[in-house]
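# Overview (structure and organization)
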Amino acid sequence: MKRVALLGATGSIGRQAIEIIEAHSGLELCAAASGSTPLDSVSAPLKQVGGDLTELLDRAEPDVVLNAVVGFAGIHATLWALERGVDLALANKESLVAAGDLALAAHERGGGRILPVDSEHSAIFQCLEGRSDEQIDTLVLTGSGGPFRGRTRAELEDVTPEQALAHPTWRMGPKITIDSATLANKGLELIEAHFLFGVPYGQIDVAIQPTSVVHSLVRFRDGAALAHLGYPDMRVPISYALTYPERAATPLAPLDLTSLTLEFSAPDVDTFPMLALAREAGEKGGAAPCVFNAANEVAVAAFLAGRLPFLAIAEVVGGALAAVGDESVRDLDDLIEVDRAARATAEGTLAAA
Ligand code: NAD
Ligand code: MG
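Residues numbered from 1 in each chain as written. Chains lettered and ligands numbered in written order. Predicted model: local features only at pLDDT ≥ 70, side-chain atom pairs only at ≥ 80, totals over all residues. Heavy atoms only, no water.

Take the site of ligand 1 next. Taken together, 23 residues lie near ligand 1, and Thr10, Ser12, Gly35, Glu94 and Gly173 sit nearest. Contacts to ligand 1 include Thr10, whose side-chain N or O atom sits 2.7 Å from an oxygen atom. Between ligand 1 and Ala91, the relevant distance is 3.4 Å, taken from an oxygen atom to a main-chain nitrogen or oxygen of the residue. In the complex, the protein chains occlude 85% of the 830 Å² of accessible area that ligand 1 would expose alone. Listed by contribution, the elements that provide at least two residues to the shell around ligand 1 are α1 (12-23), α4 (93-99) and α8 (174-182). Of the residues assigned to the shell around ligand 1, the class counts are 11 nonpolar, nine polar and three charged. (Near = heavy atom within 4 Å. Polar contact = N/O pair within 3.5 Å; in protein donor to acceptor, adjacent residues only side chain to side chain. Areas by Shrake-Rupley, 256 points an atom, 1.4 Å probe, with all protein chains shown as cover. Helix = DSSP H or I, 4+ residues; strand = E, 2+ residues; numbered from the N terminus. Nonpolar A, V, L, I, M, F, W, Y, C, P; charged D, E, K, R; others polar.)

Attention now goes to the sheet that holds strand β9 (residues 214-220). The four strands lie next to each other as β8-β7-β9-β10, forming an open sheet whose pairing is mixed. The strands lining the two open edges of the sheet, one partner per strand, are β8 (204-208) and β10 (225-229). Here the strands of the sheet are splayed against their neighbours by 20° on average, with no regard to which way each runs. Sheet topology note: the strand β7 (residues 136-143)/β9 ladder contains four bridges and is antiparallel. Counterpart to Ile136 in the pairing with β9 is Phe220. Its contacts with the sheet place helix α9 (residues 184-197) against β7 and β8, and it is angled at close to 150° to β7. (Pairing = 2+ DSSP bridges. Axes fitted to C-alpha atoms, helices over the stretch in contact; angles between N-to-C directions. Contact = heavy atoms within 4.5 Å.)

Here we take up the packing of aromatic side chains. Tallying each qualifying case throughout the model produces five aromatic pairs. Ring centres 5.2 Å apart and planes at 90° place the aromatic pair Phe148 and Phe310 in the edge-to-face group. Taken together, the residues Phe148 in the loop between β7 and α7 (161-164) and Phe310 in the loop between α12 (288-304) and α13 (312-322) connect sequence positions 162 residues apart. The same class applies to Phe148 as to Phe310, namely buried. The ring centre of Phe220 lies 6.0 Å from the NZ or CZ of Arg131, which sits over that ring. (Phe/Tyr/Trp six-rings, centres within 6.5 Å; stacked < 30°, edge-to-face > 60°. Buried < 20%, exposed > 50% of the residue type's maximum accessible area, 1.4 Å probe, protein only. Lys NZ or Arg CZ within 6 Å of the ring centre and 35° of its normal.)

With seven of its eight residues buried, β7 lies for the most part within the structure. Here five bridges tie β7 to β8, and the two strands are oriented parallel to one another. Residue pairing for β8: Leu141 is matched across the bridge by Val206.

What the rule picks out here adds up to 16 salt bridges. Residues Lys175 and Glu94 are paired through a salt bridge, measuring 2.9 Å at the closest nitrogen-oxygen approach. One end of the pair, Lys175, is in helix α8; the other, Glu94, is in helix α4, and 81 residues separate them in sequence. Judged by its relative accessible area of 13%, Lys175 falls in the buried class. Note on Glu94: relative accessible area 6%, which makes it buried. The partner of Glu297 in a salt bridge is Arg343, and the shortest N-O contact between them spans 3.0 Å. Pair noted here: Glu297 is in helix α12 and Arg343 is in helix α14 (residues 332-352), with a separation of 46 residues, a long-range link. Since its relative accessible area comes to 16%, Glu297 is described here as buried. The network of salt bridges with shared partners includes Lys93, Asp118, Glu120, Lys186 and Glu189. (Salt bridge = Lys/Arg side-chain N within 4 Å of Asp/Glu carboxyl O.)

Given below as structure tokens:
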């Protein structure tokens, strides 16, 4: 029996995870947490709304932590699992992006596994399995391009939160849906891939594949490219992460090849500058990925609240990144201070806008 602690249990990933756990006799939900939503409909021996997630994890003693919290708030749980060598099923990409080297050091000390839940990284993890670094040519992260794919900047000036929330292929929480519309999500995933797989940024590409059937691919040095295909349904990577190395049955229908259209194009980084900003932040390293993430969280919340135009999200994030110096990030306290300062810088830009 594998005991799962589910953080972010009321969210989009959280609810799908509960469905997977309930359907699998080898999985048991030992603890569930949410930020502020009641957990009345969730049955678990330990439940917590708000508060310190690491206290809950200490009591729950899980075999695997599924971190499906949204945003930097997931940092404590990620580091808790990595430090202790408890398997981490990671949906909360923001924590790995922000903590970067700190997370990798904790992972090294703890010796547990990071099992990616993000569909692209789950795909790459599966394509890579058993392959050494020197055999890899490039990782290719795929993305749908979001609801505004093909638009010009002029056509993005007046878009509303409601339009940005209408994602063409995935049903997800509001923050990641806006990130998908700006391509910040693909930017976070680029940095996430760098830290998860230890591959330099120059060897990680992004391709647009509008139907989200190709979940990512790896090109190898012998000319072979391995891709992972499937319908866009997060239950598949959630199930894979929770039942790894087994591949458990899910309710999904087999892929119908005759119904597929598989077209690829390059991302439009001029219209969607968040992807280029993320690459810049990743390559800069140090505090920059944490700043990118923090400023993006502030800007997305402001956009959703109707306080910031869509195109200004990238301006807020670009401004915060331009203010990054050589802040050292030696421990979690340093990181929390970098996050706090970047939020303050971003809030300052909002106030001036
Ligand atoms: P969501 O907004 O639907 O749910 C977020 C969950 O986190 C909720 O249960 C909320 O109560 C909880 N939460 C928020 N703040 C918290 C806090 N301070 N402490 C404890 N819990 C808190 O978000 P989502 O779409 O499920 O995404 C969750 C994470 O998974 C994000 O990092 C996202 O990028 C990632 N992800 C989501 C999808 C998807 O399909 N939804 C796909 C890939 C990756
Ligand atoms: Mg993804």
